[in-house]
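So you can see what is in the structure, the chains are spelled out below.
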There are 2 protein chains.
Amino acid sequence: MQRHGKHDALLVRSEHPFNAGPPADRLRARFLTPTELFFVRNHGEAPEVDRGAFRLRLGGEVEQPLELSLADLGAFPRRTIVATLQCAGNRRQELVRHRPIPHELPWGIEAISTAAWAGVSLADLLAAARPTPAARHVAFTGLDETERRGERFRYGGSIPLERALAPEVLLATEMSGMPLPAIHGGPLRVLVPGWIGARSVKWLAEIELRATPSDNYFQRVAYRLFPASAGPETVDWESGAMLGELPVVSLITAPEEDARLAPGPTRIEGVALSGGGREIVRVEVTGDGGASWATAALEPSSERWAWRFWRAELDLAPGERELAVRAWDAAAQTQPATIAEVWNFKGYANNAWHRVRVRVEAPPR
Amino acid sequence: MQRHGKHDALLVRSEHPFNAGPPADRLRARFLTPTELFFVRNHGEAPEVDRGAFRLRLGGEVEQPLELSLADLGAFPRRTIVATLQCAGNRRQELVRHRPIPHELPWGIEAISTAAWAGVSLADLLAAARPTPAARHVAFTGLDETERRGERFRYGGSIPLERALAPEVLLATEMSGMPLPAIHGGPLRVLVPGWIGARSVKWLAEIELRATPSDNYFQRVAYRLFPASAGPETVDWESGAMLGELPVVSLITAPEEDARLAPGPTRIEGVALSGGGREIVRVEVTGDGGASWATAALEPSSERWAWRFWRAELDLAPGERELAVRAWDAAAQTQPATIAEVWNFKGYANNAWHRVRVRVEAPPR
C-alpha cells in the first residue's frame, strides 16, 4: 500500500480533494475490496490527527455528555461488520450523458466497495450518554474542512436516532484487519451500513444528539434528491428529499463498456445491493434490450450489509450489443429501466438498469 | 354495517370465499377506511369462533409455551397502530390485461385499506414465552380452512423473528374502535404493518416459533415472486422469492378509468405507500406519458405505517389522455414504468406506474 492508499490502479476523479475508486476488474476480483483500492470520497484534505491528544465529544440532547480518548473507546465491546459503502453519486456518469451535471464528480461504477469494519457500536455510547426524550437525530462532525458558498466549515451529517440505535452502526477504528487509514477517516469514522456513504462521516470528532437533522451544509443542502424538473437556477434547496437509505441497485463488472467479445455463450458478472439490509432475491441480465432475461446465479453470502456477487451467461450473436442488469430485493423492489426516470440535477441515487455496450464479432479467420 | 360487513358498495371479486374491496370513491373518501368497506381477502369461509372457549396456543422453539384465553391476552399492554393493509395481488387486473393469469382474483386497486388496529404486541407475548436460540421465524395458523391440490388444511404463514419483535406487529382484537369483525379475522388476527396482507393471518389460533419459515402452502408455495419467464407448467415452485415487505406504490383514486372530463386544470388524487415504514417523500403525476411531471402535494401525516394521501393538478387538453402516477420513498426507491417490467404469472406485487385512461372533451355548446 502506498502513502494515503493512493494505489496506481485507482481511477482518480479528482486529486484535491482526493476522489477515486477501483476499476471494474478490481471491483469484481474480491468480495472484500483491498483497502488500498477501496473507493475514496473526500470533500476536503485528510486532516492529520494526533492519536494521543484525540478526543471524541458526544453531547447535545443527552443526560451524560461524554469525552472519550481512543483508549476510552477501546473499553466498549468490539464489533465487526462486513459492509458495503456506496457513494450517493455512484454512476453519475450515466446521468451526465443524459443531461449535463456540472460541478459534480462524474463517477462511473467505482464509488462502491466492501470492507470488514471493526469498532464499537454507536448504540453502546448512546446508552452511556442516555439521550433525552427530545433527541431524534444523531449529528456527526468530522475534522476535515471544506468550502462552500464562501464559507469554510467542517464536514458533517446526521442519521435518525432510530437508525443510530441499531447494533450494526459503528464507530470504526479498523478496516479489513488493519487500523483505519487516514484517507478513509482514521483514526475514527462512522459506519452506517445500507445508507449513502455521505453519512459515514470520516475523522469523526463530535457527535451531537438533536431534535432535528444536522444543519451542516451536506445534510441541509447537499445530498438531497430533487425532481427531474429542478435545476440549480430554479431550485428551492430545502425542497429535495434528504437522502439516507440506499435503493436496490445492480452493476455489471464484466464485460466492461466497449469490450470486444467473441460470439457465443458469454459470462456476465457483477454485484447487487439494496439498502436497509434487504436481501437481494433475484438478478436478471438481458442482451436483447429486455425482450428476454436470464436469471443470474447469486453467490452464497450471509453478509446482510454487503453486496451480493452474481454471474450469468448470455448467448451473444455478432453485432453491437447492449447488456443490461436489474435486481429485486426482499421488498419486491426492482430498478427503473431508464436514466430519464431517475435523472436529477445533483446526480444522486442512480439505480436505473445498468447498461454496458459491447461489440460482438467473430475472430478473424 | 351489515352482517359480515358485506356492504352494498363493495366491489365483490368472489362470494365463496368472500373477496371484495372498496370502490375508488370510497377509497379516497377517508384516511381510515370505514370498517364495513375495508377490503376482504379470504381463502376460506369465515369460521365461527366461541369467544369463551377460544385459546391461543404459542409453542415450538420457546422455553415457556403459552395457552391464552382472550381475557389472558387482555392482561398484556394494549397498543394501537394505524396501518394500511394491502393484498400482494392488488392491481393484478393490469397484469392480467398484459398477459392472462388464470385462477387468481383480478383485483383492481381496491385490495388496500387503512384502519386503527388495537391489541397486544406480539413482542410482549414472545418475551413471556422466551424464544430459544434456534427460533428464527414465527409461524401463524388460522382457524379458516381451504383446499389446494386435493388437501384440506388451515391457512397459515410466517414472518422472521426479527420482524415479529418490532412493537408495531400486533395481535389485534379491535379495528377502528370496534371489536374485530368476524370477516376480518375476529376475534383475533395478526397485523404485520408494511408487509403483504397474507402474513396478517386471521382467526389466529396458533403461533409456532421455528428455525425455518412456515411450511404452510401459503408460505411455502403461494405468495412467491417468480420471474416473468416462469409459468404454471414450467415453474420450480420452490424457486420464487417469498414475498414479505411491500414495495413502494402509488394509486390514482380520482379521476377513475374511462372518466369523461372537461378540459383545463383537473384535480388528480390518490394514495401512496411503501413497505418497511419507509416514508413517501415525493409523488408525481403526468398527463403526457411522462414527458412532464407535476409534483403532488402530500397530505400531512405522522402515521408511519399508513398510506399517504396526495393531490395534484394537471392541465388537460381535449382528447384521449392517460394519467400516470409514480412515488419515491425515503430509500430513493421509485416504481417501474411498465407492466412488462413487473409481470409474473401469479400476479403479485404490481408496483408499476398506475395509469388511468380518461377522455377529455369540451362540454356540448
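None of these values were measured; they are calculated from a predicted model. (Residues numbered from 1 in each chain as written. Chains lettered and ligands numbered in written order. Predicted model: local features only at pLDDT ≥ 70, side-chain atom pairs only at ≥ 80, totals over all residues. Heavy atoms only, no water.)

### Some points on the domain arrangement of chain A
Residues and elements named next belong to chain A.
Step number 1: As assigned here, chain A comprises domain 1 (3-242) and domain 2 (249-360).
Step number 2: Contacts between the two partners involve 44 residues from domain 1, matched on the other side by 33 residues from domain 2.
Step number 3: Buried surface at the junction of domain 1 and domain 2, summed over both partners, amounts to about 3,400 Å²; 64% is from carbon and sulfur atoms.
Step number 4: By the criterion of area lost to domain 2, the three top residues of domain 1 are Arg 28, Phe 31 and Arg 91, representing 21% of everything that side buries.
Step number 5: The tally of links between domain 1 and domain 2 comes to two salt bridges.
Step number 6: Linking Glu 104 and Lys 346 is a salt bridge whose minimum nitrogen-to-oxygen distance equals 2.7 Å.
Step number 7: The interface formed by domain 1 and domain 2 holds 16 residue pairs in polar contact (both at pLDDT 80 or more) in total. (Domains from an automatic or database assignment. Contact = heavy atoms within 4.5 Å. Buried area = accessible area lost by both parts, 1.4 Å probe. Salt bridge = Lys/Arg side-chain N within 4 Å of Asp/Glu carboxyl O. Polar contact = N/O pair within 3.5 Å; in protein donor to acceptor, adjacent residues only side chain to side chain.)

### Points about the interface of chain B and chain A
One widely used convention gives an interface's size as the accessible area the parts lose upon coming together.
Step number 1: Taken together, the 32 residues of chain B in the interface contact 32 residues of chain A.
Step number 2: For the chain B and chain A pair, buried surface summed over both sides reaches about 2,300 Å², with 47% attributable to carbon and sulfur atoms.
Step number 3: A salt bridge links A:Arg304 to B:Glu162; the shortest N-O distance between them is 2.8 Å.
Step number 4: There are seven residue pairs in polar contact (both at pLDDT 80 or more) connecting chain B and chain A.
Step number 5: Looking at the side of chain B that touches chain A, the elements with two or more residues in it are β19 (280-286) and β23 (319-329) of chain B. (Helix = DSSP H or I, 4+ residues; strand = E, 2+ residues; numbered from the N terminus.)

### Some points on the relation of the copies chain B and chain A
The relation between the two chain copies is a rotation about an axis coupled with a shift along that axis.
Step number 1: Once turned by 180 degrees and shifted 0.0 Å along the axis, chain B lies on chain A with an RMSD of 0.0 Å. A rotation of that kind, with that shift, is consistent with a two-fold axis. Using C-alpha coordinates, one finds that chain B approaches the rotation axis most closely at B:Pro336, a distance of 2.4 Å.
Step number 2: Here 100% of the contact residues of chain B are again contact residues in chain A; the copies associate through an equivalent surface. (Least-squares fit on C-alpha atoms with pLDDT ≥ 70 in both.)

### What about the sheet that holds β23(B)?
Residues and elements named next belong to chain B.
Step number 1: Strand order in the open sheet formed by five strands is β17-β24-β23-β19-β20, with mixed pairing between adjacent strands. At either margin of the open sheet sits one strand with a lone partner, and together these are β17 (260-261) and β20 (294-295).
Step number 2: In this sheet, strand β24 (residues 354-360) lies alongside β17 in parallel orientation, the contact comprising two bridges. Bridging across to β24, Arg 260 finds its partner in Arg 359. (Pairing = 2+ DSSP bridges.)

### A word on the pairing of strand β18 (residues 264-273) of chain A
When a strand is regular, its side chains alternate between the sheet's two faces.
All names here are of chain A.
Step number 1: A large share of β18 lies buried, amounting to seven of its ten residues.
Step number 2: Sheet topology places strand β16 (residues 249-254) next to β18; five bridges connect them, and they run antiparallel. From the neighbouring strand, Ile 252 faces β18, where its bridge partner is Gly 270.
Step number 3: In this structure, β18 lies alongside strand β22 (residues 308-316), joined through nine bridges in antiparallel fashion. (Buried < 20%, exposed > 50% of the residue type's maximum accessible area, 1.4 Å probe, protein only.)

### Brief notes about the packing of aromatic side chains
Step number 1: Applying the stated criterion across every chain, the model contains 26 aromatic pairs over all chains.
Step number 2: Here the aromatic rings of A:Trp293 and A:Trp353 are separated by 4.8 Å at their centres, their planes lie at 85 degrees, and the arrangement is edge-to-face. Of the two residues, A:Trp293 sits in the loop between β19 (280-286) and β20 (294-295) while A:Trp353 sits in the loop between α7 (339-342) and β24 (354-360), which places them 60 residues apart along the sequence. Neither residue differs from the other here; A:Trp293 and A:Trp353 are each classed as buried.
Step number 3: With a centroid separation of 5.6 Å and an interplanar angle of 15 degrees, the aromatic rings of B:Phe38 and B:Phe39 are classed as stacked. Residues B:Phe38 and B:Phe39 agree in their burial class; the two are buried.
Step number 4: Aromatic rings pair up to connect A:Phe153, A:Tyr155, A:Tyr217, A:Phe218, A:Tyr223 and A:Tyr348 into one cluster.
Step number 5: Seen from the ring of A:Trp343, A:Arg99 lies directly overhead, with NZ or CZ sitting 3.8 Å from the centre.
Step number 6: It is B:Arg282 that lies over the ring of B:Trp328; its NZ or CZ is 4.6 Å from the centre. (Phe/Tyr/Trp six-rings, centres within 6.5 Å; stacked < 30°, edge-to-face > 60°. Lys NZ or Arg CZ within 6 Å of the ring centre and 35° of its normal.)

### Some words on the side chain of A:Ser121
All names here are of chain A.
Step number 1: With respect to the helices, strands and loops of the structure, Ser 121 is situated in strand β7 (residues 112-121).
Step number 2: Overall, Ser 121 belongs to the buried group, its relative accessible area being 0%.
Step number 3: A polar contact of 2.7 Å, which involves the side chain of Ser 121, links it to the side chain of Arg 79.
Step number 4: Within the local environment of Ser 121, its side chain forms a polar contact with the backbone oxygen of Pro 167, the two atoms lying 2.7 Å apart.

### Notes on the pattern of salt bridges
Residue and element names in this part refer to chain B.
Step number 1: Using the criterion set out here, one finds 58 salt bridges over all chains in the structure.
Step number 2: The salt bridge involving Glu 322 is made with Arg 357; its shortest N-O contact spans 3.3 Å. Of this pair, Glu 322 sits in strand β23 while Arg 357 is found in strand β24, placing the two residues 35 residues apart along the sequence.
Step number 3: Exposure remark for Glu 322: the relative accessible area of 25% places this residue in the partly exposed category.

### A short note on unusual backbone geometry
All names here are of chain A.
Step number 1: Cis peptide bonds are those with omega within 30 degrees of zero, and the linkage from His 16 to Pro 17 qualifies with -5 degrees.
Step number 2: Structurally, the position occupied by Pro 17 is in the loop between β1 (11-14) and β2 (19-21).
Step number 3: A positive phi angle, close to 60 degrees, is found at Ala 332, a residue other than glycine.
Step number 4: Position of Ala 332 among the secondary structure elements: in the loop between β23 (319-329) and α7.
Step number 5: Judged by relative accessible area, which is 5%, Ala 332 ranks as buried.

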